Amino acid sequence: MSRAVTTLEKVLVVLVLIAILASAISAAYIIGLAGIPAKVAELSDTTTKLVDKIGDLVAAEKELAGIVAGLGKEIGAYKERIEAIEERIAAVEEAIKPPTLPRAELTFWHYWDGTNKMAIEALVAEFNEKHPGIIVKPVYIGWGELLPKLMAAAAGGEVPEVAIADIVWMPKLVRTGMLVDLSELVKEIDYEDFYPELRKIGVYEGKIYSLPVSTNNLQLFYNKDIFRAAGLDPEKPPTTWDELVEIAKKCTDPEKGIWGMELYTGVGEGLTWQFQVYLWQAGGEFLTPDLKKAAFNSPAGKRALQFWVDLIHKHKVSPLAPWGLFAAGKAAMVMDGSWMVGAYRPGGWAEVPFDWGTAPMPIPSGGEYATNMGGEQIFIFKTTPEKEAAAWIFVKWLTSKETQIKWDMLTGFMPVRESVAKDDVYLAWVNTTEPRLKPFIEYQRYAHARPMVPQYPEISDAFSEEIQKALYGKVSVEEALANAEARVNEILKGESG
Amino acid sequence: MNDETKAAVVCIAPSAIIIGIFTIFPIFCSFYLSLTDWDGLSPTINFVGFSNYSELINSEAFWNSIKVTLCYAMGVSIISVILGLILASLINRTTGPLASLYRVIYFIPVVTSFVAAAVVWRSLFSPAGFLSDSFRSIGFSPPNWLADPIWALPALILVGVWNRLGFNTVISLAALQSIPRAYYERAKIDGAGPLSRFFFVTVPLMKPIILLLFVMSIVDAFLIFDLAYVMTGGGPLGATNVVGLLLYKSAFRYYKMGFASAIGVMVFAILLLLTLLQMRLFKFGKEV
């Protein structure tokens, strides 16, 4: 049917369309004005809350992390403790186990002769018995040959695993680079128990290369028979330099060829090391602390040398004579080493037919106790780890307090450990067998070591040559010290060894 | 080479080889070492040219030791050769077992260990010793022989002569006995007395032997070491610091092997010079 659309129909359609459009617009308007901002505000509110929550969460996490870290540390500590306990268990197990000692055969070079040789051989035999697997073979080499042999060995020959050396050789030996560094190993022992001056000897460039094994020192010996003949109390030896002069004057008797005080006036180390005692007593030093220069040309040096010169020329109580007057009964007093106690006593190799005593070396007024020391150090040569370990066991054993007490009793050497010097058993032995060792034991702690420089023997000879000129009255005290200083500095300036 | 020469070469060879290894070779080593700074111990040896020699020539101690050693060597050799000759002529006049006894007595010091003898002499000379005690007992105040700068060297010379005399006497005696009797008888007939016979027969005929003994004594005495080492240690004031002692100290106390070798070479040169000089003086070549 095709009838034409009426005008009314057209208008109605337009109206409806307009209505729809309007309502749509208004709806959109209403929504637009009220709903969206609210929604947006709501959304942003939610977002803020979320951010806050996230902040809280982060803080919480941080807190948690802290707790976790703390826990971690505690766990670490526990682990360490567990490890320590495990180590101790291992150590205990090690100790309980029959000892699995390194098996090695060790050669041990030394120069101890006579009764000392018997003593070291007895101790080594005891060590070998107690340490199955290690066999130490002591080899005696004369004092004069030992250093050249050691140096030749260090230069590339067959080294002994263990050896001893005179303390004055140590500066040469530590410089060979062939000795085992003991710096770590000594933590296993009571290293501080050794006297500090003895410890110094084995140290080179801050590392420890040797341990003290024996020592000795110088104190006063006096002839009680001469004291009695001079009307002096034989139990009252001098304690000061002034008393020494007084007593020496009373004892001196030129008619009989008897002198008050014997000094070492010959050239060589004998003079130097005796003089050093007087120098140290007067508060002086032999070399500067850096060992680069002479330090004896000082007021203390002058005082010490003047004292010697006065004893010879002013008081006329000391002769210019070869050494040995005291032993011959021709000198009332002498300063000599602890080893002479064993030599002079009945049965000793230099037994004397007179009554004698010992005393601490007299000191100058305002001075300090001092003495010089000798002795030996023990060290290990670089070989193989097993042999070095075995050698350390031997060195540790020989220098231990227990072995040292036996050693000192067998040889009459002075203790190298303070604990030995204070040990009841040892002191009881001294009191019953040879109380004349007591001044040496008690005053060992005042002993100085001679300067540890490789040129020492040459310095010592040069020093003694110049000092002797003052003793013979050829030059003044000041000149002698100045000349000696110049020569010693010249030698020290030379090659460093 | 004939057989005889071959045999000689074969027989000489062993000792020549031994002397070569233990004497000639070390001499060359010593000369080489004197040009180095070797310390006798370390494996490093640095060549230093003639610096050891220049140090030596400027060393007062070295020239003093040469002087002391020369005094000692001259003292010992002159006294012991002359005394030996006199003793030999005296012994030559004695006959029978007494002659042998004297010979033995004078020879004993030669075969005695010098070090042991030095120790005994040291105690004899000590202020507490026999010699000083004897002086004191007759009212003299004796010097401290070995510690006295004036007496120390004469004391060493005395011991040196004591040690050397026997050897010189025995050798002189052997030489004396080889002089034909006829010369003396002829001299006697010509009217020469005992003294003239000694000076105009014995001495001229003994000249080569006297020279030999003199050279040997000087060389032997120049190498003195043990006596000074034991008795004085070189003191007092360097009065007995003989060159052997200086060499020993340099080598084995200060470990300056290069310097010590230089001393050795110098001593060698001095001894060579002395020997040549003596040969020239005695016109050695012409007499024999």
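Rules of the game
Residues numbered from 1 in each chain as written. Chains lettered and ligands numbered in written order. Predicted model: local features only at pLDDT ≥ 70, side-chain atom pairs only at ≥ 80, totals over all residues. Helix = DSSP H or I, 4+ residues; strand = E, 2+ residues; numbered from the N terminus. Buried ≥ 20, exposed ≤ 12 C-beta atoms within 10 Å, placed from the backbone. Rg over C-alpha atoms; globule rule 2.2 N^0.38 Å. Contact = placed C-beta atoms within 7 Å. pLDDT = per-residue confidence, 0-100. Domains from an automatic or database assignment. Nonpolar A, V, L, I, M, F, W, Y, C, P; charged D, E, K, R; others polar. Axes fitted to C-alpha atoms, helices over the stretch in contact; angles between N-to-C directions. Parallel < 35°, antiparallel > 145°, perpendicular 65-115°, else oblique. Left-handed = near helix turned anticlockwise from the far one by under 90°.

**Some remarks on the overall build of chain B**
The secondary structure content of chain B amounts to 13 helices and zero strands. In chain B, the succession of helices and strands from N to C terminus is α-α-α-α-α-α-α-α-α-α-α-α-α. If one aligns the C-alpha atoms of chain B with their principal axes, the spans along those axes are about 75 × 70 × 30 Å. Per-residue burial for chain B yields a buried fraction of 33% across its 288 residues.

**A closer look at the overall build of chain A**
Scanning chain A for helices and strands turns up 17 helices and eleven strands. Against the 2.2 N^0.38 benchmark of 23 Å for 497 residues, chain A shows a C-alpha radius of gyration of 44 Å, more extended than a compact globule. The C-alpha extent of chain A, read off along each of the three principal axes, is 180 × 60 × 45 Å. Counting over 497 residues, chain A shows a buried share of 40%. Counting contacts in chain A only where the partners sit at least 6 residues apart, residues at least 24 apart contribute 74% of the total.

**Digging into the confidence of the model for chain B**
Per-residue pLDDT for chain B has a mean of 88; in total, 97% of the residues score no lower than 70. Scoring of the predicted complex yields 0.78 for pTM and 0.82 for ipTM.

**A short note on the domain arrangement of chain A**
Residues and elements named next belong to chain A. Its domain assignment divides chain A into domain 1 (104-212 + 376-405) and domain 2 (216-375 + 437-493). The C-alpha-based centres of domain 1 and domain 2 are spaced at 31 Å. Across the contact, twelve residues belong to domain 1 and twelve residues belong to domain 2. Contributions of two or more residues to the side of domain 1 that touches domain 2 are made by helix 4 (170-174) and helix 5 (196-201). Of the residues belonging to the side of domain 1 that touches domain 2, the class tally is seven nonpolar, no polar and five charged.

**Some details on the interface of chain B and chain A**
If you look at the interface, chain B gives 21 residues, while chain A gives 26 residues. A per-class count over the side of chain B that touches chain A returns ten nonpolar, eight polar and three charged.

**Observations concerning the packing of helix 8 (residues 269-281) of chain A against helix 9 (residues 299-314) of chain A**
Residue and element names in this part refer to chain A. At their nearest, the axes of helix 8 and helix 9 sit 8 Å apart, and the two run at 125 degrees to each other. As the angle between them shows, helix 8 and helix 9 are arranged oblique. Relative to helix 9, helix 8 is oriented so that their crossing is right-handed. Residues Phe275, Tyr278 and Leu279 of helix 8 pack against Ala300, Gly301, Ala304 and Phe307 of helix 9. For the contact of helix 8 with helix 9, a count of residues per class yields six nonpolar, one polar and no charged.

**Focus: the environment of A:Trp349**
Residues and elements named next belong to chain A. Assignment of secondary structure puts Trp349 in the loop between helix 10 (339-344) and strand 9 (356-359). Judged by local crowding, Trp349 falls into the exposed class, with 11 C-beta atoms found within 10 Å. A C-alpha to C-alpha distance of 29 Å links Trp349 and Ile247, two positions 102 residues apart in sequence.

**Examining the packing of helix 12 (residues 401-411) of chain A against helix 14 (residues 424-433) of chain A**
All names here are of chain A. Viewed as axis vectors pointing N to C, helix 12 and helix 14 meet at an angle of 10 degrees, and their least axial separation amounts to 10 Å. Between helix 12 and helix 14, the crossing angle belongs to the class labelled roughly parallel. Counted together, Ile405, Asp408 and Met409 of helix 12 and Val425, Tyr426 and Trp429 of helix 14 form the full contact between these two elements. Of the residues in the contact of helix 12 with helix 14, the class split is five nonpolar, no polar and one charged.

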